[in-house]
Every structure is written in C-alpha cells, then in structure tokens.
Protein chains: 2
Amino acid sequence: MLRAAAEVFDESGYLGASITKILERAGVTAGAVYFHFRSKEGLARAVILEQAADLQFPEGEGGLQQLLDMTGYLAVEMQRNTLLRAGVRLAVEQGVVGKQEYSIYEWWADRFHQELVVARRKDQLLDGVDEAAFAQLLVAAYTGTQVMSQLSTGRADLPRRIADMWRCLLPALAPASVVSGLRIPEGDTVGAT
Amino acid sequence: MLRAAAEVFDESGYLGASITKILERAGVTAGAVYFHFRSKEGLARAVILEQAADLQFPEGEGGLQQLLDMTGYLAVEMQRNTLLRAGVRLAVEQGVVGKQEYSIYEWWADRFHQELVVARRKDQLLDGVDEAAFAQLLVAAYTGTQVMSQLSTGRADLPRRIADMWRCLLPALAPASVVSGLRIPEGDTVGAT
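On a predicted model such as this, the values are computed, not experimentally measured, just so you know.

**Side note on the overall build of chain A**
- Of the regular secondary structure elements, chain A holds ten helices and zero strands.
- In sequence order, the secondary structure elements of chain A are arranged as α-α-α-α-α-α-α-α-α-α.
- Seen through its C-alpha atoms, chain A measures out along the principal axes to roughly 60 × 30 × 30 Å.
- Buried positions account for 57% of the 193 residues belonging to chain A.
- In chain A, 66% of the contacts between residues at least 6 apart in sequence involve partners at least 24 apart.
- Split by element, the accessible area of chain A, about 8,100 Å² in all, is 50% carbon and sulfur.
- Taking the average location of the 19 positive side-chain charges in chain A and that of its 24 negative ones, the two points are 5 Å from each other.

**Some points on the pattern of salt bridges**
- Applying the stated criterion to the full structure yields 32 salt bridges over all chains.
- One salt bridge connects Arg25(A) with Glu11(A), and the closest N-O pair in it is separated by 3.0 Å. Placement of the pair is Arg25(A) in helix H2 (residues 19-26) and Glu11(A) in helix H1 (residues 2-16), with a sequence separation of 14 residues.
- In this structure Glu11(A) comes out as exposed when scored by relative accessible area, which is 52%.
- Taking the shortest distance from any N to any O, the salt bridge between Arg160(B) and Asp157(B) comes out at 3.6 Å.
- Residue classification places Arg160(B) among the partly exposed residues on the basis of a relative accessible area of 42%.
- For Asp157(B), a relative accessible area of 12% corresponds to the buried category.

**With respect to the domain arrangement of chain A**
Residue and element names in this part refer to chain A.
- Domain annotation of chain A identifies domain 1 (2-49) and domain 2 (64-179).
- The gap between the C-alpha centroids of domain 1 and domain 2 is 27 Å.
- Residue-level contacts link 16 residues of domain 1 with 15 residues of domain 2.
- Summing the contributions of domain 1 and of domain 2, the shared interface buries around 1,400 Å²; its carbon and sulfur component is 74%.
- Taken as a group, Asp10, Tyr14 and Ile48 account for 43% of the area that domain 1 buries against domain 2, more than any other trio of residues on that side.
- The tally of links between domain 1 and domain 2 comes to two salt bridges.
- In this structure, Asp10 engages Arg85 in a salt bridge whose closest nitrogen and oxygen atoms are separated by 2.9 Å.
- Scanning the region where domain 1 abuts domain 2 turns up three residue pairs in polar contact (both at pLDDT 80 or more).
- Examining the composition of the side of domain 1 that touches domain 2, we find that ten residues originate from one element, H1, more than from any other.
- When grouped by side-chain class, the residues that make up the side of domain 1 that touches domain 2 number nine nonpolar, two polar and five charged.

**A look at helix H9 (residues 158-173) of chain B**
- When the terminal C-alpha atoms of H9(B) are compared, their 22 Å separation across 16 residues agrees well with the 22 Å that a helix rising 1.5 Å per residue should span.
- Along H9(B), twelve of the 16 residues are buried, which leaves the element largely enclosed by surrounding structure.
- On the buried face of H9(B), the contacting elements are helix H8 (131-153) and helix H9 (158-173) of chain A together with helix H5 (64-77), helix H7 (103-121), helix H8 (131-153) and helix H10 (176-179) of chain B.

**What about the environment of Leu169(B)?**
- Here Leu169(B) lies in helix H9.
- Taking the relative accessible area as the measure of exposure, Leu169(B) reaches 0% and is therefore buried.
- For Leu169(B), the contacting residues outside a window of four places in its chain are Leu137(A), Leu169(A), Ala172(A), Phe134(B), Leu137(B) and Leu138(B).

**Observations regarding the relation of the copies chain A and chain B**
- The operation relating chain A to chain B is a screw motion whose rotation component is 180 degrees, with 0.0 Å of axial translation and a residual RMSD of 0.0 Å. Within this description, the copies of the chain are treated as partners about a two-fold rotation axis.
- Residue by residue, 100% of the interface of chain A is reproduced at the interface of chain B, so both copies engage with the same surface.

Conventions we followed
- Residues numbered from 1 in each chain as written.
- Chains lettered and ligands numbered in written order.
- Predicted model: local features only at pLDDT ≥ 70, side-chain atom pairs only at ≥ 80, totals over all residues.
- Heavy atoms only, no water.
- Helix = DSSP H or I, 4+ residues; strand = E, 2+ residues; numbered from the N terminus.
- Buried < 20%, exposed > 50% of the residue type's maximum accessible area, 1.4 Å probe, protein only.
- Contact = heavy atoms within 4.5 Å.
- Areas by Shrake-Rupley, 256 points an atom, 1.4 Å probe, with all protein chains shown as cover.
- Lys, Arg positive; Asp, Glu negative; His and termini not counted.
- Charge placed at Lys NZ, Arg CZ, Asp CG, Glu CD.
- Salt bridge = Lys/Arg side-chain N within 4 Å of Asp/Glu carboxyl O.
- Domains from an automatic or database assignment.
- Buried area = accessible area lost by both parts, 1.4 Å probe.
- Polar contact = N/O pair within 3.5 Å; in protein donor to acceptor, adjacent residues only side chain to side chain.
- Nonpolar A, V, L, I, M, F, W, Y, C, P; charged D, E, K, R; others polar.
- Expected span 1.5 Å × (residues − 1).
- Least-squares fit on C-alpha atoms with pLDDT ≥ 70 in both.

And the structure:
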C-alpha cells in the first residue's frame, strides 16, 4: 500500500495524486486505507517517514568509508527506489500543502552522526570537527544536491555530484593521511549490488 | 507586478496561487499580465529567475570574507525579502508542476564561484580546492539548509544554520591562518543594514 502510494506520488506529485489512483494501484478498498492512514495527507506523511524502509545499507566496519559507501548507495537508490524517491520528493516539497514533517531530516542526521561518532572513535577525524554539526551539513548538502540533480538531469548525475561533494568535504573532516585511504563511490561500482 | 506575484506565491505556493489573486494584489488588468508573462507558469518562472533582483549584496574587497558576508546577508534576507523567498520556494518545489528551471542554480553557483576565484587570487585557498566544484557544493548546502530551516523553525534559525555550515566548511577551503582572520556572520550584526 505504501509502495503503491509512493509510485503515485512519485509520478504525479502530492497534488496530482488522488486516493482513487492510489487504490487502483494497490488494489485495496478505500475503507482499509482510511482506517490506516485517514487521508491522502496521512499517506504522504507515511511515505515521508518510511522513505528508508526498502533500503539495505552496505554493511561495513563503520566510520568514514561506511559513510561514503552509504551516501553513494543512496545516490544510486534515488534512481530506482520508488519509496525513497517519493519520500524525498514529498519531504522537500512540503510547503505545497503546508505539512510540516521535519523529523525525517533529523533521522538522516542521526544516521550520519552515528558513522561520524565511529569515525571519531577510530581516530579518523580532525580535532576541530563537530560531528553533530557536520551531520546536519551532510543532510543539507545531500538534500540540495539531490534537488539540483533532479532539475538538471532527472537525477542521472546524482552519483557524480555526490562524489564531487565528498571531494570538497573530506579535507574538512579528516587528515590527508586518512583521506588518501578512502574510496569515493562514483556510482558505477556502487550500482552493482 | 513581479512583487505582487511573489507575495501571492509566497503565501499560497504555486498551486494555491491564481492569476486573479495576483492581479488583485497588483491592481493591473489581466491583458497586461498575459502580454508580459503569458500564464501563471510564466509568472512563476519570472519570480524564480528574478529572485535576486531586490538584493543589495554587501560591498567589499572580494574573496572569502565577502563570500561569508554574502551568505549571511542572504540568510537574513530570506526572512524579509518576499521576492527572494518566493523565488527560492518555487525553485525548490518545481517538481510540483513539472517546470524545470535549473539556470537560477547555475546563476548562484557562478556568483559564489566569482568570489572563490578572487579568494584564489588573494592566496586564501588551500591548494587542492576546486573552486567550481566548491561553488556547486555551496549552492547545494545552502539550498538544503534553507529547506531544513523552513521546516524546523519557519526560517528563524537560518542565519545560525548558515554560520554552522561555514564552521564546518571553512577548514576544507582555507588554511587555519586565513580562517582565524575571517568573521562568520551570525545573523544579528548582518541584519542591521
């Protein structure tokens, strides 16, 4: 049901989507939907909050390489994972309907923050780095990069843009000796899951 | 006319806005509007492209301090400059109506890039910095930070978030000796224009 809603929101946007269209896609009765979600807005909210439900983050030992791999994986998933794509789109376009759902941005910031805490523990970070502030910056930079990639190439260049983002950001996070040992995902290798 | 349109788009969003509402606000005849802009979409496009028309960027000698002052000024203007606010909102929510207007993002990237080129000439940047890539990152980080600030506090904390952004980014741009001589605008002083 959530996936049917995500498909319709992804294709038509919030205002173009209708409960009828979503029901046709999902093949369930209106009663069941309203019981679970109350309204189109409830469904949109669920898609925003559950945007990461179909993700399988790359496993690893944690720290900076895992953070890089995670964002590279997300860049590729944005091109093929409908729930993620619709959830991100609805989260960015919330002004459209006056919904205010900020918690998903905090969820992503916490997720990135966890990896930065591991990186700190592994002595990968420069002394002055504020892990919480940097996690917020990562969410912001990722969000803005995604908007720009969507508008310029329909997200085709998102993995390349995220790689460029990291080349700019890493010198602020880690000493050169650590940076030289990291592999920045460029989209091609990450896509081969 | 553009300012009337910006006010209505800012209050109601693209889909909530109507030509009638905009005309009432502007007090002109429909004929004149259609002659200039053809449609609501034409007006929205003009507001996106002219979002910076009412800005008066801080003057300075160029380089990193001017770049910081410029972004601090923008953070304050986002709270009171309707044309900027509506233009940014429409640029982020373009998915809503399938409009694709990427050139305003390139315009901002060029604007930031100019200052980075001056900073390079003044020997303010670290050797490895790619000025063009960093300008793109700045636009992305600014865009995402703006979205997050809008959702979390109605943009009240945007100047503080932009200051945090710079504290994270500057070590990737400039050596510590340069960073220590820069003043990061925190919103309070910049607001006193």
